[in-house]
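Next come the chains, spelled out residue by residue.
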Amino acid sequence: MLKSIMMMLALAMCLTSCSSDDPIPVIPTTMVTLEVPVNLENTVLSNANATLTNVETKQVTTVEGAKFVKDGNGYKIMCNDLEAGTYNVVVTGHLDFTLNGVAGQKDFEVTSDNVVISETSHDLKMVVSTFTAQGGFVISEIFFTGTSTPEGKSYSGDQYIIITNNSDVTLYADSIAVLESAFLTTAKEDYTPDIMSTHFSVQACYMIPGNGKSVPVEPGQSLKLALNAINHTTEQPNSIDLSNADFEFYDETSNPNFTDVDGNAPNLDKWYCYTATIYQFHSRGFNSMAIAKMQTSKEDWLENYVYDATYLFVFGDFSKEMTKSGIYKVPNEWILDGVNLSVESVREWNVLDASIDAGWTYCGKVDRDDTRINKSVIRKQDANGKYVDTNNSTNDFTPEAPASLLNK
Amino acid sequence: MQLIRYIILALLVLNIQLADAQTLINGIVLDSETMEPIIGATVADAKKGKALTVTQADGSFAIPKNNEVELRITSIGYKPLVTAITPDGRYLLQAEVSQLGEVVVTAQENRGLTTSSRIEKHAMEHLQPSSFSDLLELIPGGRSIDPSLSTPNNIHIREISTGNSNYATSSLGTSFIIDGAPISTGANMQYLAGSWDDMATSRDNTNAGVDMRGIATDDIERVEIVRGIPSVEYGDLTSGLVKIERRRGGHDMKFRLKADMGSKLFYAAKDFEWEQHRLTLNLSADYLDAKADPRNRLENYKRVTISTRLQKQWEQTDYMLTFSSNIDFSRSLDNDKEDIDQSYSAEDSYRSSYNRYALLTALQFKTKRPSWLKSADLTVSTSLENDLIERTRLVQLSRMTVAPLSKEEGENDAYILPYKYIGHHEVEGKPVNAYVKLNARLQIPNNRVSNSLLLGTDWNLDKNLGRGQVFDPMKPVYTGISSRQRSLKEIPANHRLSAYAEENVKWPTSIGSLELTAGIRATTMLNIDTEYAMKGKLYWDPRINVGYSLPRLSLFGQPAFIRIAAGIGQHTKMPTMEQLFPDMLYIDFIQLNYYHDNPDYRRINLMTYIVNPRNTALEPARNLKKEVSIDINIGGNRLAVTAFREKMTSGFRMQSYYRTYQYKQYDASGIEAASLTAQPNLSDLPYTVINELAGYGNYTNGSMTLKEGIEYTLESKRFPVILTRLTINGAYFRTTYDNSIVDSYRPSQVIDNRQIQYVGLYANDDGSVRESFNTNFTLDTDVPRLKLGFSLSAQCLWFTTSQRKEISNYPVQYIAPDGSIHEWREGDADDMYLRWLVRDYTSSQFEKNRVPFAMNVNMKVTKKLFDDRLHIAMFCNKLWAYTPDYDSRGTTIRRHVTPYFGLEMNIKL
């Protein structure tokens, strides 16, 4: 028994001594392929660093980002003259990308331990799996009903809309526009040509300004876009303090009949609005709302995205073919999220394509229901705190929910 | 005073002229039933068959003294009378078709040359009106309409109104004359400046003429609605004339109590007559309470009228002098309040009251001697109104809002309004009207023609002594108001002076009788600045009506009379005070709009421009009427048909104009809010100078109204046995509205943070053609034995059409922000900004829209009880209706009709 153990040891000694005798092979090129989540586009890698640590020798090889070669959406890293052996590989870096057209960014670190690099196995694959980059910006709340004064008159200056980064990457909200539908969900017409399957017809477009990366929004964080970013409670005790809003809908005008308040928050860029008076959301919720990443310049959009619709108008004892002017259109692909709003008693149709919103939500089941005041439509959240987005606001939203910013 | 002295002198001279002639026999020819003089009757020697003379305008004639002579007096429509000379000189002719004892419950076509409808007391009693508006059902083209007493009622003669205020000259140009005194609306300034709410705008009646709700009907003896060409005696009108004569004398004490679905009316009157003194006195009062909705007590209309009418006659052998004096008070009150339970506060209310005090004095002199001067009339009427609109509203703003206060041009800081306040806005108007009219009727004796010459003059003054728009500019009800307060007293009085002459001729010949009324009226505006185009200008209104009556003939064994008539006339309506002197416009531009959390640091700076929207080129509205008519009477069954064409190319309208203004746009982005210790200083801020277009409205003569149509009335005799009479009346109207002045429009879209900076100029706008054709079949039965009156009226509207005038979507020119005007070129429709100037009318909007047949059946019953002391009446309009569904471009249109009924009780003591 002892003898056999000795034999084994001797053999082992012999083996090691044999190998230390042979020179350790050097692999001329080792290829590390870095895979990023498939839904990222236009990825740009920065501050990248690959560290390969030889488990045995503790020798560390570092490859600088400059040697990362873009390959499709992923990257290839070439390491030259690595000794064969077992390695721990760490790749860190910063990814900039677009996700559904929206600019985003994420730091990442991928590790892979005990990777054997040999003459026969010198390609290794690293997958960025610390984030999924699922989801994106969603409309998490629309407060369109306004509040009421202690005397019971309606107050609409405190309307707001909240958009939230529902992904696990930082996304930039620059050039995301808030869109209001040109058509009412309470008046169905056969608009000709019918472009609803490809475009959203809008009567107002207010865009978050920026140079492309001015407005980062961390995962799970929100932007409050207020009609007037001021503390409304100083004048209207039942209202909301919106002085900390991120942006405001400001209607600049020289006409003193339509003075708007230019509060503290930066103003949205008013690309287009159907009226020169003060813009506000439909306080009964007859228009659908959407957010879209504007994928072209303001000039190009204003020049080339006009939509002239005709329809047959019937009222009482006459009917007429009408043209609906004052409409711009936004391709459905640009739209990140959309919500049909309506009122059950007068609802006729949805004005967003079903691929964007197959359902609809509301505040007030009958028209001019005064109990709708102070209420919002709020997107539901799942157990993890993520907003539910099945492109069906009937499922995804809580109608008539108390406005989240009220009394806070 | 000097003037009056001359006039009296002239009267005396004329009166003396022909006072000799003792060698004549004087006589007067009267209708045996009505005792009205018969004009133009031929007086002939019965034996020799030689015509001696014709009767004059007062029915009188004079022939050389010859006691042997036997007279034969003939006139078309009357049975010839052969008689010896009567001692009292009265000769009564019997109508071929007796109307004696006839109760007429419909409007009747006037027998004179002027196309007009006469509505007598009986017809009104049967109709059971609440206000004058209800009477219009009776004129050709009229139809019963549910009373709508919560907003002003305007008259629309011979037209299918669109309700567009730019075509309101028709109702403005219809003159209402009560007992000889016109109701002036020329100084009505009762509008709430800056208002946008329905409560206020729906009740704005400025520049729209008389509000017929305010005219009570119970005192009215007879109404004549002149649709055609009125005598030149009546001026300051374009479209029509409503002459109302109220009751004088009698001995009754009357009460009327009426209730219908929307209103209650109470009327009481006491009539006095002292025959021996030839003195009458009538006292009456009326109260109307109407609600827009019987369930809503907060929105209502109330009317109170009180009237005192006195008349005294002095009859001498040579003349008769009549003195009349009326004192009238009427009060109209519109009330509209928000329901406290349903909404905000007790303060929200609208209240508009009109209080009118009127004094009329008329003196009539009538000679009984043969002389050139037959009669002279002097009418002096004055009225004072005390009108007040009060609008109170709890204003709660949703945004920082400003009130421009500056009354000067230039840069100024605006007042920032509190978010909550109670706004109160009053409009106080005190229109004063004075009217003097002097008339003389002359006659040049002539044995072959009956003639009379009317000469006259009138003077009218309108002034407003009210304070106008009164509000605290720091608590405005209407925050967007662009006018500032001004006292209406500052506006100069409008004086209008007219003179007229009219010749009436009736020439009976063997081949028929010729009638002619030809007159001319000249009007001028006094007391206006030389810059006005109207200054010193005379406006001439020539008007002619001619008629030819066929000699007496017989058709179907019945006596028949046929008259053909035609007329042409010009009519002129002077602009109102508001149209001549509109409020100054204050156009403000925001130069800086700075908001700070600390209210003391907020600042809104404005640049104010003042625009005077007076249009000194404004001219009166003028309407040229032409018409032909035929009147056929066969044995008492009468058909009157009139075809007319009225063209008014200079109707008043509000037209918008654009101009470029400059202001500084301050850039507040550099202000550090945290470090401010006071309002930002303008001199520290960078700015850019901006050109901006802004519009203002002014009155022009740009509205064209063309009225064409045919009116017809067929009145049958009362059929014996069934005691029923058939009246068929109706009209085909075709009304064309058009705008002859370039229209401007600035799109309201905002592109890249700025409203579109271009204004399109379009060749024309808002023209339309409307047609309607209706016939009312009215069967009225009068059973004297049962004291029962009963009528059934089938009101058929055969069709109505409306069609917009086809207009181009493309402007002809456009104004750029710098004010320069450019021609529109083809490629402009693709320009990012200019394409918004293309309007979006589609061809189907210019298609004719036709609403087919609809019929309502109305029923009315009156019953007299207790020796005629109690009179009960009820009506039900739309008791039965036939309104078939119809198809309009693939859509089925259903029409619904709700009956409307009422009940009333009249007591006569």
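Just so it is clear, the structure is predicted and the values come from calculations on it, not from any experiment.

Caption draft 1: The arrangement of the overall build of chain B in detail. Looking only at helices and strands, chain B features five helices and 53 strands. In terms of overall dimensions, chain B is globule-like: its C-alpha atoms have a radius of gyration of 32 Å, near the 29 Å expected for 909 residues. In chain B, which comprises 909 residues, the share counted as buried stands at 42%. A separation threshold of at least 6 residues defines the contact pool for chain B, and within that pool the share at least 24 residues apart is 70%.

Caption draft 2: A look at the overall build of chain A. When helices and strands are counted, chain A shows three helices and 26 strands. Computed over the C-alpha atoms, the radius of gyration of chain A is 29 Å, more than 25% above the 22 Å expected from 2.2 N^0.38 for a compact globule of 408 residues. Taking the principal axes of the C-alpha coordinates as reference, chain A spans close to 110 × 45 × 45 Å. For chain A, the proportion of its 408 residues judged to be buried stands at 43%.

Caption draft 3: Summary view of the domain arrangement of chain B. All names here are of chain B. Split into domains, chain B comes out as domain 1 (2-95) and domain 2 (108-908). For domain 1 and domain 2, the distance between their C-alpha centres works out to 43 Å. Between domain 1 and domain 2, the residue contacts involve 22 residues of the former and 25 residues of the latter. Among the secondary structure elements, those contributing two or more residues to the side of domain 1 that touches domain 2 are helix 1 (2-17) and strand 3 (50-54). Top element by residues in the side of domain 1 that touches domain 2 is helix 1. It accounts for five residues. Its residues assigned to classes, the side of domain 1 that touches domain 2 shows twelve nonpolar, nine polar and one charged.

Caption draft 4: Summary view of the sheet that holds strand 5 (residues 74-83) of chain A. Residue and element names in this part refer to chain A. Reading across the sheet, the four strands line up as 4-5-1-8 and stay open at both edges, with mixed pairing between neighbours. Each of the sheet's edge strands pairs with one partner strand only, and the pair in question is strand 4 (68-71) and strand 8 (123-127). Going from strand to strand, the sheet's axes swing by 30 degrees on average, the running direction of each strand aside.

Caption draft 5: Just the domain arrangement of chain A, in detail. Residues and elements named next belong to chain A. Once the domains are mapped, chain A shows domain 1 (25-127) and domain 2 (137-402). Just the C-alpha atoms count here: the centres of domain 1 and domain 2 sit 43 Å apart. Per-element accounting of the side of domain 1 that touches domain 2 gives the leading share, five residues, to strand 7 (residues 102-117). Its residues assigned to classes, the side of domain 1 that touches domain 2 shows three nonpolar, four polar and one charged.

Caption draft 6: Layout of the interface of chain B and chain A. Tallying the contact residues gives 44 residues for chain B and 46 residues for chain A. Among the elements of the structure, strand 21 (373-396), strand 34 (585-594), strand 35 (603-611), strand 41 (750-751), strand 48 (849-851) and strand 52 (891-893) of chain B are those that each provide at least two residues to the side of chain B that touches chain A. Tallying contributions element by element places strand 34 of chain B first for the side of chain B that touches chain A, with four residues. Across two bridges, the pairing between strand 19 (residues 269-273) of chain A and strand 41 of chain B is antiparallel. For Y272 of chain A, the partnering residue across the bridge sits in strand 41 of chain B and is I751 of chain B.

Caption draft 7: Representation of the sheet that holds strand 9 (residues 137-143) of chain A in the model. All names here are of chain A. Pairing is mixed in the open sheet, where six strands are placed in the order 18-17-12-9-25-26. On the outer flanks of this sheet lie strand 18 (247-248) and strand 26 (397-402), each paired with one strand and no other. As paired strands, strand 9 and strand 25 (residues 375-379) are joined by two bridges and run antiparallel to one another. The partner of E141 across the bridge, within strand 25, is I378.

Caption draft 8: Structural context of the confidence of the model for chain A. Per-chain confidence: chain A averages 87 in pLDDT, with 93% of residues scoring 70 or above. Under a pLDDT of 50 for its full length, residues 14-20 of chain A has, in the predicted model, zero contacts with residues more than four places off or in other chains.

Caption draft 9: Inspection of the nonpolar core at higher detail. Ranked by internal contacts, the top residues of the largest apolar core, which has 117 residues, are Y160, A177, L179, C205, L225, I291 and A292 of chain A. Ignoring sequence-local partners within four residues, the contact set of I291 of chain A consists of F137, I139, I163, I176, A177, V178, L179, L336 and D337 of chain A. Among the nonpolar cores identified, the runner-up in size contains 35 residues, and M124, V242, A358 and Y435 of chain B belong to it.

Caption draft 10: Main features of unusual backbone geometry. Residue and element names in this part refer to chain A. With an omega of -5 degrees, the peptide bond running from T192 to P193 counts as cis. Positionally, P193 belongs in the loop between strand 14 (176-184) and strand 15 (199-207). Notably, N114 is not glycine yet its phi reads approximately 55 degrees, a positive angle. On the secondary structure map, N114 appears in strand 7.

Caption draft 11: Main features of the confidence of the model for chain B. Residue and element names in this part refer to chain B. Here chain B shows a mean pLDDT of 88. Residues at 70 or above account for 96%. Mean pLDDT across the elements of chain B bottoms out in helix 1 (52) and peaks in strand 11 (residues 174-178) (95). Ignoring residues within four places in sequence, the model shows residues 14-21, a span with pLDDT below 50, making 15 contacts including any to other chains.

Caption draft 12: Quick peek at the environment of W880 of chain B. Along the polypeptide, W880 of chain B turns up in strand 50 (residues 870-882). Separated by 314 residues in the primary sequence, W880 of chain B and A566 of chain B place their C-alpha atoms 39 Å from one another.

Caption draft 13: Fine view of the pairing of strand 27 (residues 450-464) of chain B. Residues and elements named next belong to chain B. Where burial is concerned, most of strand 27 is hidden: eleven out of the 15 residues are buried. In the sheet, strand 26 (residues 431-442) pairs with strand 27 via twelve bridges, with the strands oriented antiparallel. Paired with K437 across the bridge in strand 27 is D458.

Caption draft 14: How the structure looks around the pairing of strand 7 of chain A. Residues and elements named next belong to chain A. Looking at chain direction, strand 6 (residues 85-99) and strand 7 are connected through 14 bridges and run antiparallel. Bridge pairing in strand 7 links T92 to E109. Adjacent in sequence and paired antiparallel, strand 6 and strand 7 are bridged by two residues, among which N100 carries a positive phi angle near 50 degrees. Of the pairings in the sheet, the one linking strand 7 to strand 13 (residues 170-172) comprises two bridges and is antiparallel in character. Bridging across to strand 13, Q105 finds its partner in T170.

Caption draft 15: Spotlight on the environment of V44 of chain A. Residues and elements named next belong to chain A. Mapping V44 onto the fold places it in strand 2 (residues 40-54). Judged by the 11 C-beta atoms lying within 10 Å of it, V44 is exposed. When the C-alpha positions of V44 and F97 are compared, they lie 6.1 Å apart, and in sequence the two are 53 residues distant.

Caption draft 16: Seen up close, the environment of E248 of chain A. All names here are of chain A. When you line up the elements, E248 lands in strand 18. Residues E248 and S156, 92 residues apart in the sequence, show an inter-C-alpha distance of 14 Å. Sequence-distant contacts of E248, defined by excluding residues within four places in its chain, comprise A226, L227, N228, A229, G263, A265, N267 and L268.

Scoring rules and cut-offs
- Along every chain, residues carry numbers that run from 1 in the direction the sequence is written.
- Chain letters start at A and ligand numbers start at 1, both assigned in the order the entries are written.
- The predicted origin of the model limits local features to residues at a pLDDT of at least 70 and limits the giving and counting of side-chain atom pairs to 80 or more, whereas totals for whole chains, interfaces and linings rest on all residues.
- Helix and strand definitions here come from DSSP, where helices need a minimum of 4 consecutive H or I residues and strands a minimum of 2 consecutive E residues; each element is numbered from the N-terminal end.
- Between the two quantities, the radius of gyration covers C-alpha atoms and the globule rule is 2.2 Å times the number of residues to the power 0.38.
- Put plainly, a residue is buried at 20 or more neighbouring C-beta atoms within 10 Å of its own, exposed at 12 or fewer, and partly exposed in between, counting only other residues' C-beta atoms, which are placed from the backbone.
- Residue pairs are scored as contacts if the distance between their C-beta atoms, which are placed from the backbone, is within 7 Å.
- In this document the domain limits rely on a domain assignment from an automatic tool or a database.
- The classification used treats Ala, Val, Leu, Ile, Met, Phe, Trp, Tyr, Cys and Pro as nonpolar, Asp, Glu, Lys and Arg as charged, and all other residues, Gly among them, as polar.
- By this definition, two strands are paired if DSSP reports at least two bridges between them.
- To obtain each axis, a line is fitted to C-alpha atoms, and for helices this fit is confined to the stretch in contact; angles are then taken between N-to-C directions over 0 to 180 degrees.
- You can read pLDDT as the predictor saying how much it trusts each residue, on a scale of 0 to 100.
- Note on definitions: a nonpolar core is a set of buried residues drawn from Ala, Val, Leu, Ile, Met, Phe, Trp, Tyr and Cys, linked by C-beta atoms within 7 Å.

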